[in-house]
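Structural description and commentary
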Amino acid sequence: MNSPLPSNLESEAVRLKFEKFIHAEPGGELVPYFHFRIIIKNGTDVGHINFKVGNTRHIIMCVGHIGFEIEEKYRGNAYAYYACKALKPLILQHFKKIILTSDPENRPSLKTIEKLGARYLEEIEVPPDDPSYKSGSLRKKRFEWVL
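Calculation notes
- Residues numbered from 1 in each chain as written.
- Predicted model: local features only at pLDDT ≥ 70, side-chain atom pairs only at ≥ 80, totals over all residues.
- Heavy atoms only, no water.
- Helix = DSSP H or I, 4+ residues; strand = E, 2+ residues; numbered from the N terminus.
- Buried < 20%, exposed > 50% of the residue type's maximum accessible area, 1.4 Å probe, protein only.
- Arc of directions from axis to C-beta.
- Polar contact = N/O pair within 3.5 Å; in protein donor to acceptor, adjacent residues only side chain to side chain.
- Pairing = 2+ DSSP bridges.
- Axes fitted to C-alpha atoms, helices over the stretch in contact; angles between N-to-C directions.
- Parallel < 35°, antiparallel > 145°, perpendicular 65-115°, else oblique.
- Left-handed = near helix turned anticlockwise from the far one by under 90°.
- Contact = heavy atoms within 4.5 Å.
- Nonpolar A, V, L, I, M, F, W, Y, C, P; charged D, E, K, R; others polar.
- Salt bridge = Lys/Arg side-chain N within 4 Å of Asp/Glu carboxyl O.

A few points about unusual backbone geometry
Positioned with a positive phi, A78 is a non-glycine residue whose angle comes to about 65 degrees. Tracing the backbone shows A78 in the loop between strand 4 (66-70) and helix 2 (79-91). Since its relative accessible area comes to 24%, A78 is described here as partly exposed.

Quick look at helix 3 (residues 107-116)
Among the residues of helix 3, those classed as buried are S109, L110, T112, I113 and L116. Taken around the axis of helix 3, the buried residues stretch over an arc of 160 degrees, which confines them to a single face. Of the residues in helix 3, the exposed ones pointing more than 90 degrees away from the buried face are R107, P108, K111 and E114. For helix 3, the side-chain oxygen to backbone nitrogen distance between the N-cap and S109 is 3.1 Å, and the N-cap itself is N106. Looking at the residues trailing helix 3, positive phi occurs at G117, about 85 degrees.

Description of the sheet that holds strand 7 (residues 139-146)
In space, the three strands of this open sheet follow the order 5-7-6, with antiparallel pairing throughout. The open sheet has two free edges, formed respectively by strand 5 (97-102) and strand 6 (119-125), since each of these has just one partner strand. On average, each strand axis in the sheet is inclined to that of its neighbour by 25 degrees, with strand direction left out of account. Bridge count between strand 6 and strand 7: six bridges; the pairing is antiparallel. From the neighbouring strand, Y120 faces strand 7, where its bridge partner is F143.

With respect to the sheet that holds strand 4
Strand-to-strand pairing in sheets goes through backbone hydrogen bonds, with the strands running parallel or antiparallel. Across the sheet, four strands lie side by side as 1-2-3-4; this open sheet has antiparallel pairing. In the strand order of this sheet, the two ends are held by strand 1 (14-22) and strand 4, each with one partner. Ignoring strand direction, the axes of neighbouring strands in this sheet form an average angle of 20 degrees. Pairing of strand 2 (residues 33-40) with strand 3 (residues 45-52), which is carried by seven bridges, proceeds in the antiparallel orientation. When the bridges of strand 3 are listed, R37 appears paired with H48.

So, the packing of helix 2 against helix 3
Taken N-terminus to C-terminus, the directions of helix 2 and helix 3 make an angle of 45 degrees; their axes are 9 Å apart at the nearest point. Considering their axes alone, helix 2 and helix 3 lie oblique with respect to each other. Of the two elements, helix 2 crosses helix 3, and the hand of that crossing is right-handed. Contacts from A80, Y81, C84 and K85 of helix 2 reach helix 3 at T112, K115 and L116. For the contact of helix 2 with helix 3, the class distribution of residues is four nonpolar, one polar and two charged.

As for the pattern of salt bridges
Under the definition given, this model contains nine salt bridges. With a closest N to O distance of 3.1 Å, K85 and E12 form a salt bridge. Taken together, the positions of K85 in helix 2 and E12 in the segment before strand 1 put the pair 73 residues apart, joining distant regions of the chain. Of the residues examined, E12 reaches a relative accessible area of 48% and is grouped as partly exposed. The salt bridge partner of R139 is E125, with a shortest N-O separation of 3.7 Å. Within this pair, whereas R139 is found in strand 7, its partner E125 is found in strand 6, the two being separated by 14 residues in sequence.

See the structure below:
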């Protein structure tokens, strides 16, 4: 981690609690990333969000710079959207724009990406040698989010 974390990673409905920074092996497709818990106003942990710092083919084409998951019982409250907005100060320490991706059938993620105002780029076939392909993702929709 080169720069300190911004002190207030929060938006209207959530705050992000830093959990860990994961380093990656040099020269591979995986990149270092920040891992946060998503906490709502009443203190409940509703999921997690990761911010990946790097621009390998795997990141740019298949998984994007942000990954999130909201526990099923808390879905439908836009917590992923608010968590993405809360990450903006940290993202801006590294990038002015990032790539977001989703499986084409993942309507909740696509709705979050659309709500963020990200620009649709394309839908691609995941290369067979990509880690996403090996875990079952065969197609990805790609978007650019200018911060």
